[in-house]
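Notes for the structure review
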Amino acid sequence: VVERSDALSMANTVKDNIRTRRVAILMGPDGAADAKALKTALQREGAVVKVIAPLMPPPGEGEVPVDHGLMTTSSVLFDAIAVIGRRPWDRLPDARDFISDAYRHCKAIALLGDAQGLLQDWGLTEDADPPGVVVASNAKSIAKPFVAAIAAHRWWEREVDPITGTRN
């Protein structure tokens, strides 16, 4: 029998703010304006935000500094992720792994612009509105609901029993 530890349980994680939560923003070539606005909004709430691009650009290039190339990081290092746009993410197997790992680990996910529908297209969910996934056309309209989703920390109701295929 495994003993429960309240001190180690994620169920007891603070859920009224996002201070110190690590958030990844996957920014494609046309996502700089939304990435900048979302990063600012999340940092204002105390989150630690890292911008991830398909490839690491040379230092000093671009409107929004890129912290990691997709190949140099993993979603397990973050508490939540935001995906700006469908392209190039829908064409990159590593992006699919990054996003699907975050989804399966019940993390908050924001899908901006035409990124909406990626989870269904990849067969991760059949739900049009899965718990903890927020969608919007731009960063301004997604910031507040995304902050609330991150504050909840994990969305356990998304878990699926591997044997029965039913949600917990």
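Rules and cut-offs
Residues numbered from 1 in each chain as written. Predicted model: local features only at pLDDT ≥ 70, side-chain atom pairs only at ≥ 80, totals over all residues. Heavy atoms only, no water. Helix = DSSP H or I, 4+ residues; strand = E, 2+ residues; numbered from the N terminus. Rg over C-alpha atoms; globule rule 2.2 N^0.38 Å. Buried < 20%, exposed > 50% of the residue type's maximum accessible area, 1.4 Å probe, protein only. Contact = heavy atoms within 4.5 Å. Areas by Shrake-Rupley, 256 points an atom, 1.4 Å probe, with all protein chains shown as cover. Lys, Arg positive; Asp, Glu negative; His and termini not counted. Charge placed at Lys NZ, Arg CZ, Asp CG, Glu CD. Pairing = 2+ DSSP bridges. Right-handed = clockwise from strand over helix to strand, strands pointing away. Phe/Tyr/Trp six-rings, centres within 6.5 Å; stacked < 30°, edge-to-face > 60°. Axes fitted to C-alpha atoms, helices over the stretch in contact; angles between N-to-C directions.

Here we come to the overall build of the protein. Check the secondary structure of the protein and you find four helices and six strands. In terms of C-alpha radius of gyration, the protein reaches 16 Å, essentially the compact-globule figure of 15 Å for 168 residues. Burial statistics for the protein: of 168 residues in total, 45% are counted as buried. Within the protein, contacts between residues separated by at least 24 positions form 70% of all contacts whose residues are at least 6 apart in sequence. Carbon and sulfur atoms make up 53% of the accessible area of the protein, which totals about 9,300 Å². Here the protein holds 20 positive side-chain charges and 22 negative ones, and the gap between their average locations is 4 Å.

Let us now look at the side chain of threonine 73. Here threonine 73 shows up in the loop between β3 (68-69) and β4 (80-84). When its relative accessible area of 13% is taken as the criterion, threonine 73 is described as buried. In this view, threonine 73 contacts Ile52, His68, Phe78 and Phe98; residues no more than four positions away in its chain are not counted.

Another point: the pairing of β4. The side chains of a regular strand alternate, residue by residue, between the two faces of the sheet. Among the five residues in β4, five count as buried, and that is most of the element. Every second residue of β4 is oriented toward a common face, with Ala80, Ala82 and Ile84 on one face and Ile81 and Val83 on the other, all of them buried. Strand direction decides the pairing type here: strand β1 (residues 22-27) and β4, joined by five bridges, are parallel. Pairing of alanine 24 across the sheet is with isoleucine 81, part of β4. In the classification by handedness, the crossover that spans β4, the intervening helix α2 (residues 93-104) and the parallel strand β5 (residues 108-112) is right-handed.

Moving on to the packing of aromatic side chains. Tallied over the full model, the rule gives one aromatic pair. For the ring pair phenylalanine 78 and phenylalanine 98, a centre distance of 6.4 Å and an interplane angle of 50 degrees mean the geometry is tilted. Taken as a pair, phenylalanine 78 in the loop between β3 and β4 and phenylalanine 98 in helix α2 lie far apart in primary sequence, 20 residues in all. On the accessibility criterion, phenylalanine 78 (2% relative accessible area) is buried. Since its relative accessible area comes to 4%, phenylalanine 98 is described here as buried.

All right, on to the sheet that holds strand β2 (residues 48-53) then. Ordered in space as β3-β2-β1-β4-β5-β6, the six strands form an open sheet in which the pairing is parallel. Here the strands that pair on one side only, and so sit at the sheet edges, are β3 and β6 (133-136). Along the sheet, helix α1 (residues 32-44) contacts β1, β2, β4 and β5; its crossing angle with β1, the most-contacted strand, is approximately 170 degrees. The strands that α2 touches are β1, β2, β4, β5 and β6; relative to β4, the one it contacts most, it runs at about 140 degrees.

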